[in-house]
Amino acid sequence: MPQTSTDASRQKTASSRDIGIDLGTANTLVYARGHGIVLNEPSVVAVKAGTTTALAVGTEAKETIGRTPGSITAIRPLRGGVICDYEAAEEMIRHFVRKAVPGRRPRTRMVICVPSGVTPVERRAIIHASTRAGAKSVHLIEEPMAAAIGAGLPVSEPRGSMVVDIGGGTSEVAVISLGGIVTSQSLRVGGDRMDAAITDHVRKEHALLIGERTAEDVKVAIGSAWPVPGLPELESRAYTVRGREKAGGMPRTLELTALDVRAALDEPVEAVIAAVRTTLEECPPELSGDVMERGIVLTGGGALLPGLDLRIASATGIPVFVADAPLDCVALGSGRCVEDMDTLAGLLAPAKA
């Protein structure tokens, strides 16, 4: 029997009820079934001081960081990839769900990505916040698995695939085979730690205090982990920052060089490389051969740091590749599970509060 326009409309509406969420420390992405990624906003909530009343969420709230009066507080509900402010996280998830799936909808099925090192308490916090925000059911998938799926790696084959997902709060390193994580490392090092490293470096070496938004701008503009042959001009780039003197408290400007920023980023980059080495050491020999042959795939915002792939390749002797659309891989992986939840159900962790 041919499908009527009414049937097609109902199917489209039904598909919108299932969503995948990359609940990141820095940004949250929402994938709606049948529509792809429909939302990508900062994981920030602005609340009235002393209350739980949200005044702004997402992009609008991020603009208030470091610039709010005493009556308003800008909160990042997640740190290290897990919820640190339960009420703000619940409000943020509810806002993003309503924005991603507008109109009156039945309660939504959600697939949410979590760090592989998440504790049972942290897992329950995510489930509770999502349920109170409007989820009919919550399914969890570990971030490295979602990243591998989103990057197009053959996770169901009996061959080893290695992924390094560097997000805002965590870095996830995993070797995957036959639909499961064989060995992995989860460390609370990511884009936020890199921003903090730049802030600390400027404070110690130049006696200047700068904010986290300024540090992030510096990282994006001139940050690197290794000399890049195709970008020789990167070595000579500079970036002017404005901050406050550590001693006198007066405003001052400072010109940072790319080499200065690379030195600041050395500690968090080395932490990621150490996790990659540990994962490789714990990997079964047969799968190590697969990784040697197929290489390591980088995903997440940290994968965009120039020269990071070259530095990891130099440290391990294994080819390293940056995934297409690395920022979207985790969300796309959760979306694949949403689109084909029955087939990929084995990849989803039981979500019992």
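Residues numbered from 1 in each chain as written. Predicted model: local features only at pLDDT ≥ 70, side-chain atom pairs only at ≥ 80, totals over all residues. Heavy atoms only, no water.

Looking up the protein in an unreviewed UniProt entry gives the name Cell shape-determining protein MreB, with the organism given as Streptomyces cirratus. Its UniProt record gives the protein a comment under Function (unreviewed entry), which states: "Forms membrane-associated dynamic filaments that are essential for cell shape determination. Acts by regulating cell wall synthesis and cell elongation, and thus cell shape. A feedback loop between cell geometry and MreB localization may maintain elongated cell shape by targeting cell wall growth to regions of negative cell wall curvature." In UniProt, the protein has this text filed under Subunit (unreviewed entry): "Forms polymers." (UniProt positions renumbered as here; feature names shortened; annotations may be inferred.)

Regarding the pattern of salt bridges
Counted according to the given criterion, the structure contains 21 salt bridges. Of the charged contacts, one joins arginine 252 and glutamate 245 as a salt bridge, the two residues approaching to 3.5 Å between their closest N and O atoms. The class for glutamate 245 is partly exposed, based on a relative accessible area of 25%. Its salt-bridge partner being aspartate 266, residue arginine 311 comes within 2.5 Å of it at the nearest N-O pair. Placement of the pair is arginine 311 in helix α10 (residues 308–316) and aspartate 266 in helix α8 (residues 258–282), with a sequence separation of 45 residues. Owing to a relative accessible area of 9%, arginine 311 belongs among the buried residues under this scheme. If you follow the salt bridges from partner to partner, you end up with Arg76, Arg79, Asp192 and Glu212 in one network. (Salt bridge = Lys/Arg side-chain N within 4 Å of Asp/Glu carboxyl O. Buried < 20%, exposed > 50% of the residue type's maximum accessible area, 1.4 Å probe, protein only. Helix = DSSP H or I, 4+ residues; strand = E, 2+ residues; numbered from the N terminus.)

Some words on helix α9 (residues 285–294)
For α9, every residue scored as buried is listed here: Leu287, Asp290 and Val291. Along the axis of α9, the buried positions cluster into a sector of 100°, meaning they face one direction only. The exposed residues of α9 that point more than 90 degrees off its buried face are Pro285, Glu286 and Glu293. Buried residues along α9 sit in contact with β11 (161–166), β12 (171–177), β13 (180–187), α8 and β17 (296–299). (Arc of directions from axis to C-beta. Contact = heavy atoms within 4.5 Å.)

Remarks on the sheet that holds strand β1 (residues 18–23)
In spatial order, the strands read β3-β2-β1-β9-β10; together these five strands make up an open sheet with mixed pairing. In this open sheet, the two strands that pair with only one neighbour each are β3 (36–42) and β10 (135–142). If you compare each strand with its neighbour and ignore which way they point, the axes differ by 20° on average. Against the sheet, helix α4 (residues 120–132) contacts β9 (108–114) and β10, and its axis sits at roughly 150° relative to β10. Together, β9 and β10 form the strand contacts of helix α5 (residues 143–150), whose direction differs from that of β10 by roughly 85°. (Pairing = 2+ DSSP bridges. Axes fitted to C-alpha atoms, helices over the stretch in contact; angles between N-to-C directions.)

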